[in-house]
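Single-letter residue listing:
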Amino acid sequence: MDRPALRILIIDENRLRAAVIEDGLREAGHSEVALVHDMSGVARQIADTEPDVIVIDLENPNRDVLESMFQLTRAVKRPIAMFVDRSDSASIEAAIDAGVSAYVVDGLRKDRVKPILDMAISRFNAYSRMARELEEARTELESRRLVERAKGILMKSRGLSEQEAYALLRRTAMNQNRKIAEIAQSLITAAGLLEGGDEA
Amino acid sequence: MSAAHRVTAGFLPLLDSALLVAAREKRFAEAEGIDLVLVRENSWASIRDRLAVGHFEAAHMLAPMPIAFNLGLAPLAARTIAPMALGLGGNAVTVADELWREMADYGARPDLDPASGGRALDGIVSRRAAEGGAPLRFAVVHPHSGHNYELRYWLAASDIDPDRDIEIVIVPPPLMPDALAAGRIDGYCVGEPWNTAAAFNGAGRIATTKSRIWRSSPEKVLGVSADWAESSPVALDGLLRALYRAAQWCGDAANHEELAGILAQPGYVGCPAEWLMPALSGRIRTGNGPVVEVSDFFMPHARAATFPWKSHALWFYTQMVRWGQVEPGPDRETVARETYRPDLYRRALRSLGVALPGANAKVEGALTTQTPVGSAGASLVLGPDGFFDGKIFDPDRVADYLRS
């Protein structure tokens, strides 16, 4: 490519997610990528680096601040517009669904910017998926611990085998149309109360 | 009743999200067959974007925002209408303690009086300029906000040029008290509870209130996607009736403790309930100063507080022109006027038999006392609605007002 590399600024308080996007952009051959986690210095950063594209997470409370900077010609030398093209509604929807927003210097060609936005969208989605999977794994681990404890209580107080204790928990959960972990939690709470301990 | 229509609405953590929150929590929406899903957002930009792509049908919005959208002043905005307002007043101007002490030396009265406070600021601004000091820096939440326009109106009427004599920056509402405490700004204009927050934590002094700069003045509206409003009139009417009931409930002093408790929850405003009570009760704790009675600080219901006056829309348009956000023009004036939709408000509420204004617009600033007015249904009392400098805005003479 004979054209100069596009300068990309990523604004995200979530450092992990910012790193995931940065990696993606670098892998795609973009060498001029800068990250900002803290908004306090962002005006200077924009003035110094003159980014062509700014990527910011949708949840960031400072989006209104950023947009107002673009309206003030004093703050930025070049006009910046949102997204690639107002007419490209599919891209815009995909970005907002993914939780990312982008601002682009006016007059930049769509074919140069769209791959960057697409990359940001796919990385944001990948990050959300990863975070969801982590959360699911954590919940799964927690519910296994609860069931183990509840089984122990039943085995001790009612003299059941481990298998019988599990079967009882499972049957109760099915009858009450609740999750087995919820039944286990109720049992642990009730046992705590009956023992007169302080533990809820 | 099972909900026939699901409506998803975005809001920001502010006191005047109260009508939407009460419509859900007190089941006024459910009673109208509306499953009202509320989504808390962190910026007005996200409210705009998510309305534009159809994640939201409606949203808590700064009253000038839908006008700015329809005038093409915001990126990516969908055609948006305002069929209802979400109350009157609710803002204040808070300054750093140090600046307040200086203002007091220059004659600012401690009772939230805007005229003496404005004169004092003017004196401080002139002295600073003469001494070659840095200009004062004030923050508002958005360029297209009642906060920006009322702050500028107050300053300009006090002989301060808001573009030349001071600096105005944008800061998100919940971050205002911290920005003030850290000395990044000298003052700000924001909705509650973010003035009271600074008064409670000792960093700021409430200098004046929106209701003292312009009584009974517009602040937030229900912004609705125009496409959705056209395709779902039944759901829209139900939503407006639910919000009207919610406004009645929020306006009843007997419910203020409960309302503060609900809004204090982490999913809504997420702050101590005691921060929400001053605005609801009208007993404003100014900070390092007296408690001042401002009975009309925030009006969720009385004085036709939810009626979307076209004169409010047109006043916002005049301020956009005044501060160089838009070039004046008859077509633009029409866009502003048509953004507010009292016709839809009346259509939805007619069946309730409640007091509805007979007119779509009124002369702003003309009522010096509470005044019974012609209305459909029960009796209706409007005003007082005066500007602190005594000026009057006649919506039929927009061009004259712009020249003045």
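In this text the structure is predicted, and so the values were computed from the model without any measurement. (Residues numbered from 1 in each chain as written. Chains lettered and ligands numbered in written order. Predicted model: local features only at pLDDT ≥ 70, side-chain atom pairs only at ≥ 80, totals over all residues.)

Undergrad: So what's going on with the overall build of chain B? Which residues, and what values?
TA: Each helix and strand in chain B was counted, giving 18 helices and 18 strands. A compact globule built from 404 residues would reach a C-alpha radius of gyration of about 22 Å, and chain B, at 20 Å, matches this within 12%. By principal-axis analysis of the C-alpha atoms, chain B measures approximately 65 × 45 × 40 Å. The 404 residues of chain B split such that 57% are buried. Across chain B, contacts joining residues at least 24 apart in sequence account for 75% of those joining residues at least 6 apart. (Helix = DSSP H or I, 4+ residues; strand = E, 2+ residues; numbered from the N terminus. Rg over C-alpha atoms; globule rule 2.2 N^0.38 Å. Buried ≥ 20, exposed ≤ 12 C-beta atoms within 10 Å, placed from the backbone. Contact = placed C-beta atoms within 7 Å.)

Undergrad: Give me the lowdown on the domain arrangement of chain B, citing residues and values where you can.
TA: Residue and element names in this part refer to chain B. As far as domains go, chain B holds domain 1 (5–87 + 218–270 + 302–354) and domain 2 (91–213). One C-alpha centre belongs to domain 1, the other to domain 2; they are set 27 Å apart. At the interface, 20 residues of domain 1 touch 15 residues of domain 2. Listing elements by their share of the side of domain 1 that touches domain 2, those giving two or more residues are helix H4 (65–70) and helix H15 (310–322). Taken together, the residues that form the side of domain 1 that touches domain 2 break down as 15 nonpolar, three polar and two charged. (Domains from an automatic or database assignment. Nonpolar A, V, L, I, M, F, W, Y, C, P; charged D, E, K, R; others polar.)

Undergrad: Please set out the packing of helix H1 (residues 18–25) of chain B against helix H12 (residues 233–251) of chain B residue by residue, giving values where relevant.
TA: All names here are of chain B. Contact geometry of H1 with H12 gives a least axis separation of 8 Å together with a crossing angle of 105 degrees. Regarding the angle of H1 to H12, the classification is roughly perpendicular. Residues Ala18, Leu19, Ala22 and Ala23 of H1 touch H12, and the partners they reach there are Ala242, Leu243, Ala246, Ala247, Trp249 and Cys250. Looking at the contact of H1 with H12, its residues break down into 10 nonpolar, no polar and no charged. (Axes fitted to C-alpha atoms, helices over the stretch in contact; angles between N-to-C directions. Parallel < 35°, antiparallel > 145°, perpendicular 65-115°, else oblique.)

Undergrad: Just give me the short version of the sheet that holds strand E6 (residues 91–96) of chain B, but keep the residues and values in it.
TA: Sheet strands line up and pair through hydrogen bonds in the backbone, either parallel or antiparallel. Residue and element names in this part refer to chain B. Read from one edge to the other, the open sheet built from five strands follows the order E8-E7-E9-E6-E10, with strand pairing classed as mixed. Each edge of the open sheet carries a strand with a single partner, namely strand E8 (167–170) and strand E10 (204–209). Shown here is a sheet whose adjacent strand axes are inclined to one another by a mean of 30 degrees, direction ignored. Pairing analysis gives four bridges linking strand E7 (residues 137–140) to E8, with the strands arranged parallel. Bridge pairing links Val140 to Ile170 in E8. (Pairing = 2+ DSSP bridges.)

Undergrad: Can you tell me about the domain arrangement of chain A, naming the residues and giving the values?
TA: Domain boundaries in chain A define domain 1 (8–132) and domain 2 (136–194). Computed over C-alpha atoms, the centres of domain 1 of chain A and domain 2 of chain A are 47 Å apart.

Undergrad: Lay out the environment of Arg145 of chain A with the relevant residues and their values.
TA: In this structure, Arg145 of chain A sits in helix H5 (residues 110–158). Distance from Arg145 of chain A to Gln185 of chain A, taken between C-alpha atoms, is 10.0 Å for residues 40 residues apart in sequence.

Undergrad: Go over the sheet that holds strand E3 (residues 58–62) of chain B, please, and point to the residues and values.
TA: Residue and element names in this part refer to chain B. Strand order in this open sheet of five strands is E2-E1-E3-E11-E4, and the pairing throughout is mixed. Every interior strand has two partners, whereas the edge strands, strand E2 (34–40) and strand E4 (80–85), have only one. The sheet shows a mean angle of 30 degrees between the axes of neighbouring strands, taken without regard to direction. As paired elements, strand E1 (residues 5–11) and E3 share two bridges and run parallel to each other. The residue of E3 that forms the bridge with Ala9 is Ala58.

Undergrad: Tell me what's going on with the interface of chain A and chain B, and back it up with residues and numbers.
TA: Each partner contributes to the interface: chain A provides 19 residues, whereas chain B provides 17 residues. For the side of chain A that touches chain B, the elements supplying multiple residues, two or more each, are helix H3 (63–71), strand E4 (80–82) and helix H4 (89–98) of chain A. Of the residues forming the side of chain A that touches chain B, the biggest block, six residues, is contributed by H3 of chain A.

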